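Coordinate analysis (summary)
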Amino acid sequence: MALVITKESPLFDLEKIGVGDFVRARHRTWKEHINGIVVYVCAEKAQIVYLPKIHRATRYFTIRAQEIQNGEWAIVHSRDLASVEKVEMTNGYD
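Here the structure is a predicted model, which means the values were calculated and not measured.

Describing the pairing of strand E2 (residues 34-41)
Within a regular strand, the side chains alternate between the two sheet faces. In the sheet, strand E1 (residues 22-27) pairs with E2 via 4 bridges, with the strands oriented antiparallel. The residue bridging Ala-25 from the neighbouring strand is Ile-34, located in E2. Between E1 and the antiparallel strand that follows it, E2, lie 6 residues. In the sheet, E2 pairs with strand E3 (residues 45-50) via 4 bridges, with the strands oriented antiparallel. Looking at the pairing, Val-38 lines up with Ile-48 of E3. Between E2 and E3, which pair antiparallel one after the other, the connecting turn spans 3 residues.

Thresholds applied
Residues numbered from 1 in each chain as written. Predicted model: local features only at pLDDT ≥ 70, side-chain atom pairs only at ≥ 80, totals over all residues. Heavy atoms only, no water. Pairing = 2+ DSSP bridges. Helix = DSSP H or I, 4+ residues; strand = E, 2+ residues; numbered from the N terminus.

Remember, this is a structural readout, not a statement about activity or role.
Okay, here's the thing in structure tokens:
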């Protein structure tokens, strides 16, 4: 068994999403969308910081590129709030 394997996997287009972008997202297991700001993004995942309704401390959630391809996320994102891009939840999760 090899220590390193080659595998195709979905990746974020770092030209379209970056640190400081606005995000409104809902995972298939959540009841509501959450608004936040991207604080970290790499090819495989993005971390979004947000203010929860019942706590005063910031929290974050992680969106993985593979989960988006699997249709587990509904996402609206924008760099400047003038142009907005959407990703719809698929596979009957919504």
